[in-house]
Amino acid sequence: MEPDGEPYSAIVTGAVGCRGGRIAFIGESAEATGHDAVETIDCEGRWITPGLIDCHTHLVYGGDRAAEFELRLEGASYEKIARAGGGILSTVTATRNADEEALVRASLPRLDALLAEGVTTVEIKSGYGLETSAEIRQLRAARRLGYERQVGIETTFLGAHAKPPEFEDTGSYIDHVIGEMLPAVHAEGLADAVDAFCEGIAFSPAEVERLFEAAHSLGLPVKLHAEQLSGLHGATLAAKFGALSADHVEYADASDVAAMAKSGTVATLLPGAFYTLRETKAPPVDLFRKAGVPMAIATDANPGTSPLTSILLTINMACTLFRLTPEEALAGVTRNAARALGRDSDIGTIELGKWCDLAVWDIERPAELAYRIGFNPLHSRVWRGQ
């Protein structure tokens, strides 16, 4: 279908046909003449890519954490702020105090910023409620965004994001997440996947393993915040459960990478958090390449550690900070991002039968999407053929 050896698997003089929201033709323009079209749109030599996918966000929340940004600039570490009751828990308070309508209103501008840069699918996590009703409210608000805008929404239950103050220890809270929160979320059909934060300031591998066993018993796929601040081999644990992705993974080592390669788990790189926290240990990109681990990239849009709602800047950061090639970065927000959501049969590439989600760009070459900073060359965005 696509010429061998062409950079970006490009069809230089190509055409895309759509029927019923799905791709019905992809190939050389000359080959499309036999297909009757109700409407023909001439893109006038512009580049067409799959619609971009932001596969890791915390887009729905209340409040902001600009004050913590100032504290970090004054020398306070992320861990110190978190242990003092800031960080995630400060957003929990604001989110618990917001009703569903307020969460939707607050989230729409953040979503619109992503859509304006060619995003057609967004994953949104809970994790700022940390109690059953608030987590459900977050997930409902996230799903509602898909009715307010033309965009695909994937929702992830992240009840194991942090221990709320009303629980004495993480073990008793995980019991609550497994025994009450997860079943309630699942009963309402609000979770496409289950996530957790496996870290010294959050939950241990043993606690996450119990949660993942419960998720698997309900038929829910898993993913994991792993190896962001230290090496706990959360990525290996994620791979053990066939996780869709292990995310952050700065401290992943060779054994983690080997486990991920064997299980097919995607490495989702989050350069926005790396940049915001001024981290210095980059993820082992060369190891992922050599092992054939697919690399996705995402904004990690959240109020504290990655207040980033630009997928194009994320692409640039992945190249500049992590040394991905522009071609790898584009794959990271299309093909590999779809795989990180378990949606690669429907989205992420321009192939017959997949949803017709496209981005049309005023660029001379695809590398411009990674090269420019603060410049948006999007000409038009297509979601399910519209």
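Each chain carries its own residue numbering, running from 1 in the written order of its sequence. Per-residue local features are limited, in this predicted model, to residues with pLDDT of at least 70; the limit for side-chain atom pairs, both in listing and counting, is 80 or more; totals at the level of whole chains, interfaces and linings are taken over all residues. Water and hydrogen atoms play no part in the side-chain values, which are based on all heavy atoms of the structure.

Caption draft 1: Summary view of the overall build of the protein chain. In DSSP terms, a helix is any run of H or I states spanning at least four residues, a strand is any run of E spanning at least two, and both are numbered starting from the N terminus. Broken down by element type, the protein chain carries 15 helices and 13 strands. We take the radius of gyration over the C-alpha atoms and set the globule estimate at 2.2 Å times the residue count to the 0.38 power. In terms of overall size, the protein chain behaves like a compact globule, its C-alpha atoms giving a radius of gyration of 20 Å where 386 residues would be expected to give roughly 21 Å. Within the protein chain, buried positions represent 54% of all 386 residues. In this analysis, two residues are considered to be in contact whenever any of their non-hydrogen atoms come within 4.5 Å of each other. Sequence-distant contacts in the protein chain: of pairs separated by 6 or more residues, those separated by 24 or more amount to 71%. Of the roughly 16,100 Å² of accessible surface on the protein chain, a fraction of 50% belongs to carbon and sulfur atoms. Just so you know, the count uses Lys and Arg for positive and Asp and Glu for negative, and it drops His and the chain ends. By convention, the charge on Lys lies at NZ, on Arg at CZ, on Asp at CG and on Glu at CD. Separation of charge centres in the protein chain, based on 34 positive and 54 negative side chains, amounts to 1 Å. Accessible area is worked out with a 1.4 Å probe on protein chains only. A residue is then buried under 20% of its type maximum, exposed over 50%, and partly exposed in between. Accessible surface area values rest on a Shrake-Rupley calculation with a 1.4 Å probe, where residue burial reflects the displayed protein chains alone.

Caption draft 2: Geometry of the pairing of strand 7 (residues 193-198). In terms of residue burial, strand 7 counts as a mostly covered element, since six of its six residues are buried. By the convention used here, strands pair only if DSSP detects at least 2 bridges between them. The pairing of strand 6 (residues 152-160) with strand 7 spans three bridges and is classified as parallel. In the strand pairing of strand 7, Ala160 is matched with Ala196. The definition of a right-handed crossover adopted here requires that, viewed with the strands pointing away, the path from the first strand over the helix to the second runs clockwise. The parallel pair strand 6 and strand 7 is bridged by helix 6 (residues 170-187), and the resulting crossover is right-handed. With two bridges connecting them, strand 7 and strand 8 (residues 224-226) associate as parallel partners.

Caption draft 3: Looking closely at the environment of Leu341. Its location among the elements puts Leu341 in the loop between helix 14 (335-340) and strand 12 (358-361). Put simply, Leu341 and Ala94 are 247 residues apart on the chain and 28 Å apart in space, counted from C-alpha to C-alpha. Ignoring any residue separated from it by four or fewer positions in sequence, one finds Leu341 in contact with Ile53, Cys55, Thr121, Glu123, Glu154, Lys223 and Leu244.

Caption draft 4: The arrangement of the environment of Met260 in detail. Mapped onto the elements, Met260 comes out in helix 9 (residues 254-263). Look at Met260 and you get buried, because its relative accessible area is 0%. Taking the C-alpha atoms as reference points, Met260 and Leu237, 23 residues apart in sequence, are found 9.3 Å from one another. For Met260, the residues in contact, after removing those within four places along its chain, are Ala235, Ala239, Ala246, Thr265, Val266, Ala267, Phe288 and Val293.

Caption draft 5: Fine view of the packing of helix 6 against helix 7 (residues 205-217). Each axis is a line fitted through C-alpha atoms, and for a helix only the stretch in contact is used; angles between axes span 0 to 180 degrees, taken between their N-to-C directions. Where helix 6 contacts helix 7, the two axes come as close as 10 Å, and the packing angle between them is 10°. The orientation of helix 6 with respect to helix 7, classified from their angle, is roughly parallel. Here helix 6 contributes Thr170, Gly171, Ile174, Asp175, Val177, Ile178 and Leu182 to the contact with helix 7, which in turn contributes Glu207, Arg210, Leu211, Ala214 and Ala215. For the contact of helix 6 with helix 7, the per-class residue count stands at seven nonpolar, two polar and three charged. With respect to orientation, any angle under 35 degrees is reported as roughly parallel, any angle over 145 as roughly antiparallel, any angle of 65 to 115 as roughly perpendicular, and every other angle as oblique. When residue character is reported, Ala, Val, Leu, Ile, Met, Phe, Trp, Tyr, Cys and Pro are called nonpolar, Asp, Glu, Lys and Arg charged, and the others, Gly included, polar.

Caption draft 6: Representation of the packing of aromatic side chains in the model. Stacked, tilted and edge-to-face are the three classes assigned to paired rings of Phe, Tyr and Trp, where Trp is represented by its six-membered ring and a pair needs centres within 6.5 Å; plane angles under 30 degrees give stacked, over 60 edge-to-face, the rest tilted. Inspection of the entire model under this criterion finds five aromatic pairs. Centroid distance Phe167 to Tyr173: 5.2 Å. Interplanar angle 65°. Geometry classified as edge-to-face. An identical accessibility class is assigned to Phe167 and Tyr173; each is buried. Taking 5.0 Å as the distance between ring centres and 75° as the angle between the ring planes, the aromatic pair formed by Phe274 and Phe322 counts as edge-to-face. Here Phe322 lies in helix 12 (residues 311-322) and Phe274 lies in helix 10 (residues 271-276), a separation of 48 residues in the sequence. The structure contains a cluster of three or more aromatic residues connected by ring pairs, namely Phe167, Tyr173 and Phe203. Here, over-ring charges are defined by two tests on the NZ atom of lysine or the CZ atom of arginine: distance to the ring centre within 6 Å, and angle to the ring normal within 35 degrees. In this structure, Arg372 is placed above the aromatic ring of Phe375, and the distance from its NZ or CZ to the ring centre is 4.7 Å.

Caption draft 7: Layout of the sheet that holds strand 9 (residues 245-248). What the eight strands build is an open sheet, ordered 4-5-6-7-8-9-10-11; its pairing is parallel. Each edge of the sheet is formed by a strand with only one pairing partner; in this case those strands are strand 4 (52-54) and strand 11 (295-297). The average angle at which neighbouring strand axes cross in this sheet is 25°, direction not considered. The sheet contacts of helix 12 involve strand 4, strand 5 (119-125), strand 10 (266-269) and strand 11, and relative to strand 4 the element is tilted by about 80°.

Caption draft 8: Looking closely at the packing of helix 5 (residues 132-148) against helix 6. Packing of helix 5 against helix 6 brings their axes to within 10 Å, and their N-to-C directions diverge by 35°. Crossing hand, helix 5 versus helix 6: right-handed. When helix 5 is examined against helix 6, the residues Thr132, Glu135, Ile136 and Leu139 are found in contact with a partner set consisting of His176, Glu180, Met181, Ala184 and Val185. For the contact of helix 5 with helix 6, the per-class residue count stands at five nonpolar, two polar and two charged. Put simply, a crossing is left-handed when the front helix is turned counterclockwise from the back one by less than a right angle, and right-handed when it is turned clockwise.

Caption draft 9: Structural view of the nonpolar core. Here, nonpolar core means buried Ala, Val, Leu, Ile, Met, Phe, Trp, Tyr and Cys residues that are tied together by side-chain atoms lying within 4.5 Å of each other. Val122, Phe157, Leu269 and Phe288 are the most contacted members of the largest nonpolar core, which totals 90 residues. In this view, Phe288 contacts Val249, Ala252, Val257, Met260, Ala267, Leu269, Pro283, Val293 and Met295; residues no more than four positions away in its chain are not counted.

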